[in-house]
Structures are given as C-alpha cells and as structure tokens.
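The lines below spell out each chain.
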Amino acid sequence: MKRILTFLTFLFLLTSCSEDENTLKTSDLNVVIEHNFDGQEITFSGEKYNNEAGNEISLERVRYLISNIRLQRNDGSEIIAENLYAYIDPQKGRNSFVIPELPRYDYVGIKFDIGLDSAISHQDPNLWPADHPLSLIQHNLHWGWIDGYIFCSLEGRIFNGDLSQSFVYHLGFNRNLRTISISTEIDKNSSLLNIEFNVAEILRGPNLIDMTNEVFVSHSTGDNGLSDRLMDNILNAFNPIQE
C-alpha cells in the first residue's frame, strides 16, 4: 500500500510539473504593420492618392508611437507587454515591433495605444537610451517637456491642378490618446501577426476630412478640432490581414 501511495504521489508531482511547464512556455511575437492607402502601396516617392473628399494628395511622412500593448484571451483577460513601446516609420523601414516572451496561449485580439500616457509623454526624453523607441535620437516626435510627445505625424502635399500646398498634421496631447482594438485569432504557436494601417481612413470616417476646408498645419491646437477628428478616425484604420 505504501508503494502504491508513493507511486501516486510521484505521478501527481510529475503531472503538476508538466502542466506548469506548459503554462510557463513563452515565445516572441513579431507584429508587422503594412501601410497602404485604400489598397495602394505607399511609396513616399511622390505618388498621388485621392481621398474620400476628392482631395488629391501625396504622402511624405507617416510616423507614430505605440504603447500599452496587450493581447486578449477568449476568457476576457489580457496579457500586458510591460514597458514596451514602438516607433513606427514605414518610410525608414520601421514597420514592426516584437512582443518578447509572450505566454503561449491562444489569443483573440490585440490592443495598443497610439500615443503615450501623460506621465511618460511629459517626462524627460533624455532619460531614454539612444536605441529606445522614445529616444529623440530615433526621431523628433516631441514638442518639448511642457507639451510632450507627438503621437502621430502625417505630412505631405495637397494638389490643385498645377499648384500644390504642403500639409503637416502633428497630433498629440493627452486628449488625443487613442486605443486601437483588433479582433483576430492568434494561435499559441504563431510567431507572426500581420496587420494593416489604411492611411486613407484617417481622412475618411467617421469624420470626413476635406483638406481644402481645414488648416494646412496643425500642432493639435487652434485647428478647429481637426486633430481630434483625425485621431478619432484612426480608430478605423487598423485591421488584421487574413492569411
């Protein structure tokens, strides 16, 4: 009887260890963002696009900061990627970020913020290491310590016949922090997640932007609410790419 109990105890411990090992397994997830304008590739080489309002534009820069990244499980819980930030600049080939040591569960979605919370946005940017996504060595998405970081930068030109006018939309401040939520199945064995950013959506809806009726330069103040409307529109711009 004693031998049977010893064997059962050993079997229980072995099973428990096996379950713990499976639970603790982690892997990296590479999130790749494809940037397009209603399906057209964005080349940043002067190619022209037509937005929903009929404006003919070209894009010179699309840049933004990502924070508060978390994965959603089907039970409603979330796995948060602590202290992980990303600087995205497709013109320079920066179109991805890696979530390291992600617990190997099946997930049903990903969430992340475009922008930074107030504490991070207004702290001294010189505290970040040179290779950090929030270091000003990496970019100039910053207004100064009072106003903090620029969350999203959209720059280019708008055309009217042979004439053209540059536009600069620098979107930031605490009120313009937005959370992107993407529903997509992510298998526990997957190491890659592909999503798209359709830049046309920033100008489309729910707030249709006719750029000829707006200021051409916005630093998120004195722009008749343009920056707020653009950041509201960005909520519709990210979607999963179905393989």
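Our structure's up above, just so we're on the same page.
Residues numbered from 1 in each chain as written. Predicted model: local features only at pLDDT ≥ 70, side-chain atom pairs only at ≥ 80, totals over all residues. Heavy atoms only, no water.

(A) Representation of the overall build of the chain. Along the backbone of the chain there are three helices and 14 strands. Out of the 243 residues belonging to the chain, those deemed buried represent 43%. Relative to all contacts within the chain whose residues are 6 or more apart in sequence, the contacts with residues 24 or more apart total 72%. (Helix = DSSP H or I, 4+ residues; strand = E, 2+ residues; numbered from the N terminus. Buried < 20%, exposed > 50% of the residue type's maximum accessible area, 1.4 Å probe, protein only. Contact = heavy atoms within 4.5 Å.)

(B) Seen up close, empty space enclosed by the protein. What the rule picks out here adds up to one cavity of 30 Å³ or more. Put simply, the largest cavity is a space of about 60 Å³. Forming the walls of the largest cavity are Ser27, Asp28, Leu29, Leu102, Pro103, Arg104, Tyr105, Tyr107, Ile186, Asp187, Lys188 and Ser190. When contributions to the lining of the largest cavity are tallied by element, the ones reaching two or more residues are strand E1 (26-37) and strand E7 (96-103). Top contributing element to the lining of the largest cavity by residue count: E1, with three residues. Classifying every residue of the lining of the largest cavity gives six nonpolar, two polar and four charged. (1 Å grid on protein atoms, 1.4 Å probe; cavity = no way out; pocket = protein on both sides within 12 Å on 5 of 7 lines; lining within 4 Å. Points joined across faces, edges and corners; volume = space filled by probe spheres on them. Nonpolar A, V, L, I, M, F, W, Y, C, P; charged D, E, K, R; others polar.)

(C) The arrangement of the environment of Gly39 in detail. Inspection of the secondary structure puts Gly39 in the loop between E1 and strand E2 (40-41). Given a relative accessible area of 62%, Gly39 falls into the exposed group. For the pair formed by Gly39 and Phe197, sequence separation is 158 residues and the distance between their alpha carbons is 9.9 Å.

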